[in-house]
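The primary structure of each chain is shown beneath.
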Amino acid sequence: MTFDQTLISGTLIHYYVTCKREAWLYSRRIHADQWDENIAMGKALAEIKEDQLHTFPFSQLKFDKIGKQRGHYLVTEYKKTLKNPEGAKMQLLFYMYQLKNSLKLREINGKVVSGKTVLFVEGNEANMHKMQNLVDEVSHFLGTDTPPPFQKIKFCKACGYRDYCY
């Protein structure tokens, strides 16, 4: 059985790259500890940014900014920290992948910004293929009936889902 790919979001991709158990719980609408300090800060930042988020009618995409730069589209995602740069890049690449395929764009790139740090992500064919494979992998993984067993990783200490793991 596979999980409906239209239900996969950028947040779900970020969680999957960070911790598969967290992604599985999130996909089942099992909510993180809403009193967790990191969750509360994330919600506060999201409320501040809400007026600036661009939501597109063809999907559930919510990202911070899109514009044109030198003839191509540039998607920007702002993060409070870059403790997990790979997760942030994959979340951004998911947005780029969705936009490129849905709008039939020829060229799209992106950047993740956190303070003075900027990570660039190219929307080249190799990255688009990588994301297609990841979406397929996530869909297959989330089709399982039980979450994966707990594995302690460096992100556990600050995770809002940690009560579901220990």
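Residues numbered from 1 in each chain as written. Predicted model: local features only at pLDDT ≥ 70, side-chain atom pairs only at ≥ 80, totals over all residues. Heavy atoms only, no water.

With respect to burial, strand β4 (residues 72-78) is a largely interior element, five of its seven residues being buried. The sheet contact formed by strand β3 (residues 65-69) and β4 spans five bridges and is antiparallel. Looking across to β4, one finds that Lys68 is bridged to Tyr73. As paired elements, β4 and strand β5 (residues 108-114) share six bridges and run parallel to each other. Bridging from a neighbouring strand, Val75 pairs with Gly110 of β5. As a crossover connection, the stretch from β4 through helix α4 (residues 85-103) into β5 is right-handed. (Buried < 20%, exposed > 50% of the residue type's maximum accessible area, 1.4 Å probe, protein only. Helix = DSSP H or I, 4+ residues; strand = E, 2+ residues; numbered from the N terminus. Pairing = 2+ DSSP bridges. Right-handed = clockwise from strand over helix to strand, strands pointing away.)

Before going further, it helps to examine α4. Helix length check: α4 (19 residues) gives 27 Å between terminal C-alpha atoms against 27 Å at 1.5 Å per residue, within 8%. One or two residues past the end of α4 sits Lys104, with phi positive at roughly 55°. (Expected span 1.5 Å × (residues − 1).)

Another aspect to go through is the environment of Tyr166. Structurally, Tyr166 can be placed in the segment after α5 (125-142). Given a relative accessible area of 56%, Tyr166 falls into the exposed group. Considered as a pair, Tyr166 and Gln151 are 15 residues apart in the sequence and their alpha carbons are 9.7 Å apart. If near-sequence neighbours (up to four positions away) are discounted, Tyr166 is found in contact with Phe150, Lys152 and Cys156. (Contact = heavy atoms within 4.5 Å.)

Turning our attention to the sheet that holds β5. Within the open sheet, the four strands sit side by side as β3-β4-β5-β6. Their pairing is mixed. Strands at the two margins of the open sheet, each flanked by one partner only, are β3 and β6 (117-122). Here the strands of the sheet are splayed against their neighbours by 25° on average, with no regard to which way each runs. Judged from the six bridges that link them, β5 and β6 form a sheet pairing that is antiparallel. Bridging across to β6, Asn109 finds its partner in Glu122. In the packing of α4 onto the sheet, contacts are made with β3, β4, β5 and β6, and the angle to β5 comes to roughly 150°. (Axes fitted to C-alpha atoms, helices over the stretch in contact; angles between N-to-C directions.)

Taken as a whole and judged by the stated rule, the model has three salt bridges. Between Glu77 and Lys79 there is a salt bridge; the shortest N-O distance is 3.9 Å. Between Glu86 and Lys89 there is a salt bridge, and its shortest N-O distance comes to 4.0 Å. Residue Glu86 and its partner Lys89 are both found in helix α4; the two are separated by three residues, about one turn of the helix. Judged by relative accessible area, which is 34%, Glu86 ranks as partly exposed. (Salt bridge = Lys/Arg side-chain N within 4 Å of Asp/Glu carboxyl O.)

Right, let's talk about the packing of aromatic side chains for a bit. Scanning the model with the defined rule gives six aromatic pairs in all. Geometrically, the ring pair formed by Tyr15 and Tyr26 is edge-to-face, given 4.9 Å between the ring centres and 85° between the ring planes. Highlighted residues: Tyr15 in helix α1 (residues 10-18) and Tyr26 in helix α2 (residues 20-27), separated in sequence by 11 residues. For Tyr15, a relative accessible area of 18% gives the class buried. (Phe/Tyr/Trp six-rings, centres within 6.5 Å; stacked < 30°, edge-to-face > 60°.)

Our next topic: the environment of Lys62. By the secondary structure assignment, Lys62 is in strand β2 (residues 62-63). Exposure remark for Lys62: the relative accessible area of 40% places this residue in the partly exposed category.

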